[in-house]
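# Structural overview for review
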Amino acid sequence: MRQDGAKPLKMTTMNAIQKIRNIGISAHIDSGKTTLSERVLYYSGRIHKMGEVKGDGDGATMDHMELEKERGITITAAATTVTWLDHQINLIDTPGHVDFTIEVERSLRVLDGAILVLCGVAGVQSQSLTVDRQMRRYNVPRLAFINKLDRVGADPARVIADLEGKLGLNAVQLQLPIGLENDHKGVIDLVTMEANYFDGETGQNVRREPIPQALQEEADRGRAGMLDALSLYDDELMELMLEGREPSVEQLRAIIRRLTIGREIVPVLMGSAFRNKGVQPLLDAVVHYLPSPLDRIYYARDNDNDGAEVAMTADPDAPLVAMAFKLVEESFGQLTYTRVYQGTLRRSDSIRNTRDRKTHRVGRIVRMHANQRQDVAEAAAGDIVALIGADCASGDTFCDDRLNYSLESIHAAEPVISLAIRPKGSAGVSPARSGVSPARSGVSPAKGADRDKLAKALQRFVREDPTFHVRGDPESGETIISGVGELQLEVYVERIRREYKCEVETGAPKVNYREAPTRPAQFNYKHKKQTGGAGQYAHVIGTLEPLPENAAADYVFENKVHGGRIPTEYIPSCDKGFQAARMNGPLAGYPVIRVKMILEDGTSHAVDSSDLAFQIAAREAFKQAYLQSSPAILEPIMRVEVEVPGEHQGPVVGDLVSRRGLIAGTDVRDDVTVIQAEVPLAAMFGYATELRSATQGRGTFSMEFAGYRPAPRDVQEEIIEKAHREKQAAR
Ligand SMILES: Nc1nc2c(ncn2[C@@H]2O[C@H](COP(=O)(O)OP(=O)(O)OP(=O)(O)O)[C@@H](O)[C@H]2O)c(=O)[nH]1
Ligand SMILES: [Mg+2]
């Protein structure tokens, strides 16, 4: 049940919050997000020299990590604050590569609006689709910016058709380009009906002029098209038009703002970030059309009231509710990026973490500018800041003592790929699990120190990144890291070397398979042990059932035991036992998913039954039923998009098919072919290198997890056999 108990805000407070814009820049890899952000920083006066993502200079401000500068890609999201038209814009530049998608996910979770950047040549690419899904998940209103109009083949009309056709958005074009490719000079603003040019070496001087004669007709058509599109959604405009009246600029802006915030339309702007064209009007549009924190309603769950949904109010005087959405561990403590939803976060205040109900004192609060920080005394509702020294996990909610609210957590992608890792030259023993001091383990002190460094690094990355996991393999004793993709793991391995000065070796990347039952099976298992003193007794009866592919949870437990045949206190023990067995699938040791355990009956013993006895019985019962349920090995299937010059289409498609790929479609534009396919992850290792050599370096691809599907019989048998061999070898 929702409670909308917001009280009206004071005028001065409202004015201040209305002038905040929390926005993210998200898009497919390499579409120019960081280049665009650099211009935003420069034109707003935040920096005084413009850097570029690639080349010999100092690099872009937002790509501050050494690895980012070297590779010319964004790896972690960076935040900054700029002032524009008397508004405060908190801006987060996110990475485009799908392996770092958690950065986009958590940014969109806490931002009020976004800019979806598109390449003027390539249009809607695979990551645009992913980003679009994420923006929908968090109901984020957005603007589209068609970038790279200076590139050969740039075609904004086609990109807009893509936005409508592929993403199903109501794209409303607010600008026309003045020239394309080498002739790209500026944009025509269809709201004010002016031409905008960008003069000066860095495009810093915006010159607004009457529309050139040659473009007047096109501009009139564009304006009429824009008004038609808007009037479909807005009665006020429809009426004006029926009366033959022209809306004023203010009226039009108000209508566009309303429709954008209501997510009925996506205004489209354009230019070339690299050539310094169109960025200032985009910033104007951020202020004019994207929501302030007051324009969005956010809900929390009240844990003191059965998790009822409560609307928060962006009132600085209300009790605090804030979300820690991203952490970075640093030498002087944890840096916690936090969005304040309600109330005010003040230095030295006591706040409570809803997850563990622990109270913390707020230490330093800073405003972030890429890797620079500026101390502030407080942050009010609607603001985004970072805390120094807070102790929490990413996604935690902080509240005032009086509240017990939780904010919905951040969606984390599936870790489908694994790698064994160890300090160079050491045996394959897990540093996390060895628990033996270096002096006693027989390895040299240097090695022991390396292990400590590795353990420290891994511990940190696990805390920071919910898609990164570490475990010790019980069979081989190795440390296994897993994540969403090869590049993500490669970056962490490189960071361990650089930031922790620890040389490591890794095994070959491996697929994280899953197991699942395919038909129901019964269990009836009695655990009975009589050894001298107290015995052990537990007996469980029930059914194991497969869950459908799209089930909300991987595992469900249902208790149908009547009449206390199993005492209530041991029911959770059974659940625990099933879950423990599930994590180590009896078929090949992979976690079992899509499984429901129904506990129906059992027996107990007044003296010999215990928590432990029921856990053991449930574990064995799981194995018993599972092996009767025709279990299958599931493999991760990836959605793959390959872009190649037309002449390579045939061989590249043939190669994908030979990798057990299903071709979902091909799209030919000019001389570029985009191939969409679904391919098992197991067949995609090393694909980057092979594609490069097959296309003389001109092909690119991206892939992301689509779902788990049963592997073909022969592949399953191979996986099972391999698991058994490894188990034997470990013994
Ligand atoms: N021709 C042209 N190139 C551009 C433009 N904007 C960016 N680029 C180039 O495109 C490449 C990628 O730019 P970035 O700004 O790093 O792109 P990004 O979207 O931040 O990339 P990731 O963060 O790695 O996803 C760089 O070589 C830029 O110089 C543009 O408007 N025109
Ligand atoms: Mg970038």
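### Digging into the coordination of the magnesium ion (ligand 2)
Around the magnesium ion (ligand 2), the donor atoms from the protein are Thr34 (OG1) and Thr74 (OG1), and they sit 1.9 Å away. Here Thr34, found in helix α2 (residues 33–43), pairs with Thr74, found in the loop between α3 (66–71) and β2 (78–84); they are 40 residues apart in sequence, far enough to count as distant. Of the two residues, Thr34 and Thr74, both sit in the buried class.

### Describing the nonpolar core
Membership of the largest hydrophobic core comes to 72 residues, with the highest contact counts inside it found for Ile496, Val540, Phe578, Leu599, Phe622 and Val642. It is helix α16 (residues 611–627) that provides the largest number of residues to this core, a total of eight residues. The contacts of Leu599, once residues within four sequence positions are left out, are Phe523, Val540, Ile541, Phe557, Glu558, Asn559, Lys560, Val561, Ile566, Ile571, Cys574 and Phe578. Counting 55 residues, the second-largest nonpolar core is a separate cluster that includes Tyr138, Leu167, Val310 and Met323.

### Notes on the sheet that holds strand β13 (residues 308–311)
In spatial order, the strands read β13-β12-β24; together these three strands make up an open sheet with antiparallel pairing. This sheet does not close on itself; its edge strands, each paired only once, are β13 and β24 (405–406). Bridging between strand β12 (residues 299–302) and β13 involves four bridges; their strand directions are antiparallel. Its bridge partner lying in β13, Asp302 is registered against Ala308.

### Some points on the sheet that holds strand β31 (residues 521–529)
Ordered in space as β31-β32-β34-β33, the four strands form an open sheet in which the pairing is mixed. Strand pairing shows two members of the sheet lacking a second neighbour, β31 and β33 (555–559), which therefore form its edges. Sheet twist, expressed as the mean angle between neighbouring strand axes with direction ignored, is 25°. Pairing between strand β32 (residues 536–546) and strand β34 (residues 595–603): eight bridges, direction antiparallel. Within the sheet, the bridge partner assigned to His539 lies in β34 and is Thr603. Against the sheet, helix α15 (residues 571–582) contacts β31, β32, β33 and β34, and its axis sits at roughly 155° relative to β33. Those strands touched by α16 are β31, β32 and β34, and its axis lies near 35° from that of β32.

### Observations regarding empty space enclosed by the protein
On inspection of all chains with the given rule, the structure shows two cavities of 30 Å³ or more. Every residue lining the largest cavity is listed: Ala79, Thr80, Thr81, Asn90, Leu91, Ile92, Tyr337, Met368, Ile384 and Val385. Elements represented by at least two residues in the lining of the largest cavity include exactly β2, β3 (87–93) and β22 (384–388). Per-class residue counts for the lining of the largest cavity are seven nonpolar, three polar and no charged. Its boundaries defined by the atoms lining it, the second largest cavity holds a volume of some 40 Å³. In terms of lining, the second largest cavity is formed by Ile23, Ile25, Leu36, Val40, Leu91, Ile115, Val279, Leu282, Leu283 and Val286. Mapped by element, the contributors of at least two residues to the lining of the second largest cavity are β1 (20–27), α2 and α10 (279–289). Of all the elements, α10 adds the most residues to the lining of the second largest cavity, at four residues.

### Side note on helix α19 (residues 713–730)
For α19, spanning 18 residues, the distance from its first C-alpha to its last is 26 Å, which sits close to the expected 26 Å at 1.5 Å a residue. For α19, the full list of buried residues reads Val715, Gln716, Ile719, Ile720 and Ala723. Projected down its long axis, α19 carries its buried residues within an arc of 135°, all on one side. Turned more than 90 degrees off the buried face of α19, the exposed positions are Arg713, Asp714, Glu718, Gln728 and Ala729.

### Observations regarding the packing of aromatic side chains
Applying the stated criterion to the full structure yields 14 aromatic pairs. For the ring pair Phe557 and Phe578, a centre distance of 6.1 Å and an interplane angle of 45° mean the geometry is tilted. Linking Phe557 in strand β33 with Phe578 in helix α15, this pair joins segments that are 21 residues apart in sequence. When its relative accessible area of 0% is taken as the criterion, Phe578 is described as buried. Through a chain of ring-to-ring contacts, three or more aromatic side chains come together here, namely Phe461, Phe468, Tyr492 and Tyr500. Across the ring face of Tyr341, the terminal group of Arg339 is positioned such that the distance to the ring centre comes to 4.6 Å.

### Thoughts on the confidence of the model for the chain
Caution applies to low-pLDDT parts of the model: their predicted coordinates are not meant to be read in detail. Put simply, the chain has an average pLDDT of 88, and 95% of its residues get 70 or more. Here helix α12 (residues 438–441) stands out as the least confident element of the chain, with mean pLDDT 36; strand β11 (residues 266–270) is the most confident, with 97. For the stretch residues 1–5, pLDDT sits under 50, and the model shows ten contacts to residues farther than four places along the chain or on other chains. Ignoring residues within four places in sequence, the model shows residues 428–445, a span with pLDDT below 50, making 21 contacts including any to other chains.

### Let's talk about the site of ligand 1
If you check the shell around ligand 1, you find 20 residues, and the closest are Lys33, Thr34, Thr35, Thr74 and Asp150. In the environment of ligand 1, an oxygen atom lies 2.7 Å from a nitrogen or oxygen atom belonging to the side chain of Lys33. One nitrogen or oxygen atom from the main chain of Gly96 is found 2.9 Å from an oxygen atom belonging to ligand 1. Coverage of ligand 1 by the protein chains reaches 90% of its 650 Å² of free accessible surface. A per-element tally of the shell around ligand 1 places α2 first, with three residues. Here the residues of the shell around ligand 1 sort into five nonpolar, nine polar and six charged.

About the thresholds
Residues numbered from 1 in each chain as written. Chains lettered and ligands numbered in written order. Predicted model: local features only at pLDDT ≥ 70, side-chain atom pairs only at ≥ 80, totals over all residues. Heavy atoms only, no water. Donors = N, O, S within 2.8 Å, 3.2 Å for Na, K, Ca; no water. Helix = DSSP H or I, 4+ residues; strand = E, 2+ residues; numbered from the N terminus. Buried < 20%, exposed > 50% of the residue type's maximum accessible area, 1.4 Å probe, protein only. Core = buried A, V, L, I, M, F, W, Y, C linked by side-chain atoms within 4.5 Å. Contact = heavy atoms within 4.5 Å. Pairing = 2+ DSSP bridges. Axes fitted to C-alpha atoms, helices over the stretch in contact; angles between N-to-C directions. 1 Å grid on protein atoms, 1.4 Å probe; cavity = no way out; pocket = protein on both sides within 12 Å on 5 of 7 lines; lining within 4 Å. Points joined across faces, edges and corners; volume = space filled by probe spheres on them. Nonpolar A, V, L, I, M, F, W, Y, C, P; charged D, E, K, R; others polar. Expected span 1.5 Å × (residues − 1). Arc of directions from axis to C-beta. Phe/Tyr/Trp six-rings, centres within 6.5 Å; stacked < 30°, edge-to-face > 60°. Lys NZ or Arg CZ within 6 Å of the ring centre and 35° of its normal. pLDDT = per-residue confidence, 0-100. Near = heavy atom within 4 Å. Polar contact = N/O pair within 3.5 Å; in protein donor to acceptor, adjacent residues only side chain to side chain. Areas by Shrake-Rupley, 256 points an atom, 1.4 Å probe, with all protein chains shown as cover.

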